Amino acid sequence: MTLAPYAITDQNSRGREHPIPDASDRNAFARDYTRILHSQALRRLQHKTQVFSSTEGDLFRTRLTHSMEVEQISRSCARQLGLNEDLCGVLALAHDLGHAPFGHMGQDVLDELLSKHGGFEHNHQALRIVDELESPYLEHKGLNLMFETREGLLKHCTPARAKALGAVGERHITGRPSSLEAQAVDISDAIAYVHADLEDAFLMGLLTCDQVKTAPGYPEALSRLEKKGFSHPTEADFSNEDPDTRRRAKASVQAVVREMMRHSIDDMIAHSKMTIQAAGPKSPEEARALGPLIGFSAGQRKLHSALRQFSREHIYEHPKVVNVRSKERQVLADLFVAYEKAPEEMDGFPLGKNEDLYRRLADHLSGLTDLRAHKEHERILRERPELLVKSNRRPSVR
Ligand code: MG
């Protein structure tokens, strides 16, 4: 499709640090997408927790499948708004690359443990991964991605960190909004996870059908479907002796959650289209100067934040989720203390000449998958128990 004048293109891009010859079959952002697709950091996401620990089952979302869902929504948004679909694709696929094991808790624990050593922030780490840690090229370190891809990955950044990053961090100092493509990915992320978490929590049995029915947006979605002849299952249908009744009951709840998500996406695209048309930007720079242009209508925004609140109360703080999180928090804290005492237990030891031990610790710990973190914990307990005996460093974050 033709790109809108406000879309980022190869022509109006600030390019790569190390110029490479054009490819005849793909634009520069499609090449960035391939570079992420083949990265080790992306492969690790298959064993990293989104919300539900990947050691607890294998049917719900991981960070990798979540990223793929975000990609699908943001590509559809890009197509309808005339944005650069490939840039949205790569930003979506890479948006969670910097996450530590064990979901958001992992990042918070690392940030606390590293508080005297620069802290830890997953967006910043994502940039570090693509700029330095992934290094499959002989000519340079990092993946040599386009400027707009790198800038889009840095969703949040403190002014102090931004300063050290130069041009790519500039907007976090000037307060300039992100590109429309990055805005599209950001909201697609929010739409993807809030509905996926609701579905996963239901399929895992954390929420009953009656509880899911009280989720903000569910009754409205149900009534839209009922107008088309849909009828909602009862709680009794889930334990019916007929397997097909049970299957249909489950699928019915999934159909309503799907409808909620479809409605949310349609609202976001229609509202953003209207806002962009009214503002009439003629270039990506102009679009950014106009402030955030991609978003929900006022009504949907309210519904979306109510649904997030519902998830916080009923899913993320569910006793089962909290219980797993608390065990995993200790695993991460124990590993931190063990590696701090015996850095030779980490991969890639010894350190480089001017290498900072704590940055290496951050890279190593955040690079672990859930599975590997548990295995490392078991290994150290078996081989070097003295490193864990006095580890009573208990992070305060929940
Ligand atoms: Mg995400």
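These notes cover the structure that comes with them. The shown structure was predicted, so the numbers you read here are calculated from the model rather than taken from an experiment.

Here the focus is the packing of helix α16 (residues 319–341) against helix α17 (residues 357–367). Any two packed helices are characterised by how steeply their axes cross, that is the angle between the axes, and by the distance between the axes. Relative to each other, α16 and α17 sit at 140°, their axes nearing to 11 Å. If you check the angle between α16 and α17, you find them oblique. The handedness of the crossing between α16 and α17 comes out as right-handed. Along its contact with α16, which presents Leu332, Leu335, Phe336, Tyr339 and Glu340, the element α17 presents Tyr358, Leu361, His364 and Leu365.

Attention now moves to the coordination of the magnesium ion. Here the magnesium ion is held by the protein donor atoms His66 (NE2), His95 (NE2), Asp96 (OD) and Asp189 (OD), which lie 2.2 to 2.7 Å from it. Of note, the magnesium ion draws all its donor residues from one chain, in the sequence arrangement H-x28-H-D-x92-D. In this pair, histidine 95 sits in the loop between α4 (85–94) and α5 (103–113) while aspartate 189 sits in helix α10 (residues 180–203), placing the two residues 94 residues apart along the sequence. We classify aspartate 189 as buried; its relative accessible area is 10%.

The next subject is the pattern of salt bridges. Applying the stated criterion to the full structure yields 30 salt bridges. A salt bridge links arginine 79 to glutamate 85; the shortest N-O distance between them is 3.0 Å. A residue is classified by how much of its surface remains accessible, and arginine 79, at 41% relative accessible area, is partly exposed. A relative accessible area of 23% means that glutamate 85 is categorised as partly exposed. Its salt-bridge partner being aspartate 131, residue arginine 150 comes within 2.9 Å of it at the nearest N-O pair.

Procedures and definitions
Each chain has its residues counted from 1, following the order in which its sequence is written. Totals for whole chains, interfaces and linings use all residues, but because this is a predicted model, local features are given only for residues with pLDDT of at least 70 and pairs of side-chain atoms are given and counted only at 80 or more. Side-chain numbers come from the whole structure's heavy atoms, not from hydrogens or water. What counts as an axis is a line fitted to C-alpha atoms, over the stretch in contact for a helix, and the angles between N-to-C directions run from 0 to 180 degrees. In this description a helix means any DSSP run of H or I spanning at least four residues, a strand means any run of E spanning at least two, and both kinds are numbered starting from the N terminus. Convention used here: angles under 35 degrees read as roughly parallel, angles over 145 as roughly antiparallel, angles from 65 to 115 as roughly perpendicular, and any remaining angle as oblique. Two helices crossing with the near one rotated counterclockwise from the far one by less than a right angle form a left-handed crossing, whereas a clockwise rotation gives a right-handed crossing. Residue contacts are counted whenever heavy atoms from the two residues lie within 4.5 Å of one another. Metal coordination here is assigned from N, O and S atoms located within 2.8 Å of the ion, or within 3.2 Å for Na, K and Ca; omission of water means that sites may look incomplete. Each residue is assigned to one of three classes by its accessible area relative to the maximum for its type, calculated with a 1.4 Å probe on protein chains only: buried under 20%, partly exposed between the two thresholds, exposed over 50%. Every case where a carboxyl oxygen of Asp or Glu lies within 4 Å of a side-chain nitrogen of Lys or Arg is listed as a salt bridge.

Without other data, these values stay purely geometric and don't point to any function.
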